[in-house]
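Observations on the model geometry
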Amino acid sequence: MGNFEIFKINFTLILLKRSSSIRNFDMTTVTPMEMSRGGAGECEAFAKHNNLFVKQTRKGCIQECFGCDANTEFKIATMESQESDLFYALENTSCCIRFCCGSNRPFEMNLWAGQDNSGAQIGKFIRPFRCALGPQKCCCHQEIIAESASGSKLGSVTENYWWCIPTFHVKDNNNQLQYLLHYPTCCMGMCINCCAEGCCSCRVPFYVYTPGKGDDKKQVGKIVKIWSGFTNEMFTDADKFEVEYPPGANASTKTTLLGATFFLNALFFERQKEAGAV
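About the cut-offs
- Residues numbered from 1 in each chain as written.
- Predicted model: local features only at pLDDT ≥ 70, side-chain atom pairs only at ≥ 80, totals over all residues.
- Heavy atoms only, no water.
- Salt bridge = Lys/Arg side-chain N within 4 Å of Asp/Glu carboxyl O.
- Helix = DSSP H or I, 4+ residues; strand = E, 2+ residues; numbered from the N terminus.
- Buried < 20%, exposed > 50% of the residue type's maximum accessible area, 1.4 Å probe, protein only.
- Pairing = 2+ DSSP bridges.
- Contact = heavy atoms within 4.5 Å.
- Axes fitted to C-alpha atoms, helices over the stretch in contact; angles between N-to-C directions.
- Core = buried A, V, L, I, M, F, W, Y, C linked by side-chain atoms within 4.5 Å.
- Polar contact = N/O pair within 3.5 Å; in protein donor to acceptor, adjacent residues only side chain to side chain.

**Topic: the pattern of salt bridges**
Per the counting criterion, the structure on display carries 10 salt bridges. Close ionic contact of E159 with K137 constitutes a salt bridge, the shortest N to O distance being 3.0 Å. With E159 in strand β7 (residues 153-159) and K137 in the loop between β5 (121-127) and β6 (143-147), the pair connects residues that are 22 residues apart, well separated along the chain. Notably, a salt bridge pairs E197 with R203, separated by 3.0 Å at the nearest N-O pair. Through salt bridges that share partners, E197, R203, K222 and E242 make up one connected network.

Okay, here's the thing in structure tokens:
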């Protein structure tokens, strides 16, 4: 065997060893945290906040007068500093979808850090097209999915089978149930407790409960639509919400519950205004 053939064999062995070491690096050195970088980490800005104040913006005067259905837009602060906006959310749907499907429309809501969409995108919320909200459905339940800006699933909020009171399941990225979400109830869960936030308070609450029944089910958070003023309530779609997070909720869960706020707004309050209710 000549020197050239020996050189080729040695060179081939070196390449094989290097490719093997690269494969071993890919399998053993890259940790799950590194593989998920850009996922839940994008929403870590929510981790330090125990509550949020969500403000839907008004449409332009001409749009309001002619009933044009523009993309919904939200500015998000904390309850302690309601005028200092920390996040910005904007719906992305076509005019045709908004006109034809109304409050039942599928949409994608993008979320940015900062006061407008010039900041870094940190998440998005996807609402697929489903059958309208209603009792005793066995399939095609309403749903919204929270994702990071890079497309990693953070969690979801899904309509559950219900009889009297609409009920939603808050799930994590592995589709495991974390919380229940529904109106406060009375009369053994058959009726909405209209005085849960005080009589004549003009507050419409949705409470976050731990999974369970009876004494095992405890309220740990809430999403409350508050009175936004006579002009806004009568003549605009601009609603306001207070969000109080469950103790110990992580950034992914907090992002998912923010998505639940957009979801509830579309399901209940946009539909009320479409029907001519206050």
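This is not the end of the story, as more comes after the structure.
**Description of unusual backbone geometry**
Within the chain, C140 stands out as a residue other than glycine whose phi angle is a positive 55°. Among the structural elements, C140 can be located in the loop between β5 and β6. We classify C140 as partly exposed; its relative accessible area is 31%.

**Section: the pairing of strand β14 (residues 240-244)**
In this sheet, β14 lies alongside strand β1 (residues 51-56) in antiparallel orientation, the contact comprising five bridges. Looking at the pairing, L52 lines up with V243 of β14. Here five bridges tie strand β13 (residues 219-226) to β14, and the two strands are oriented antiparallel to one another. Looking at β14, one finds that V224 is bridged to E242.

**A word on the environment of E244**
Here E244 lies in strand β14. A relative accessible area of 31% means that E244 is categorised as partly exposed. The residues touching E244, leaving out its near neighbours within four places in the chain, are N50, N51, M79, G221 and K222.

**Some points on the sheet that holds strand β4 (residues 107-113)**
As summarised here, the arrangement of the 12 strands in space is β1-β2-β3-β4-β5-β6-β7-β8-β9-β12-β13-β14, forming a closed barrel in which the pairing is antiparallel. The mean angle between the axes of side-by-side strands here comes to 20°, regardless of whether they run parallel or antiparallel.

**Brief notes about the nonpolar core**
Among the nonpolar cores identified, the biggest contains 42 residues, and L181 and L258 are the most heavily contacted of them. The element contributing the most residues to this core is helix α6 (residues 251-274), with 10 residues. Discounting residues that sit within four places of it in the chain, L181 has contacts with V157, P166, T167, F168, V170, F206, Y207, V208, I223, A260 and L264.

**Focus on the side chain of N110**
Inspection of the secondary structure puts N110 in strand β4. In this structure the side chain of N110 is engaged in a polar contact, spanning 3.2 Å, whose partner is the side chain of Q121. If near-sequence neighbours (up to four positions away) are discounted, N110 is found in contact with Y88, A89, L90, N92, Q121, G123 and K124.

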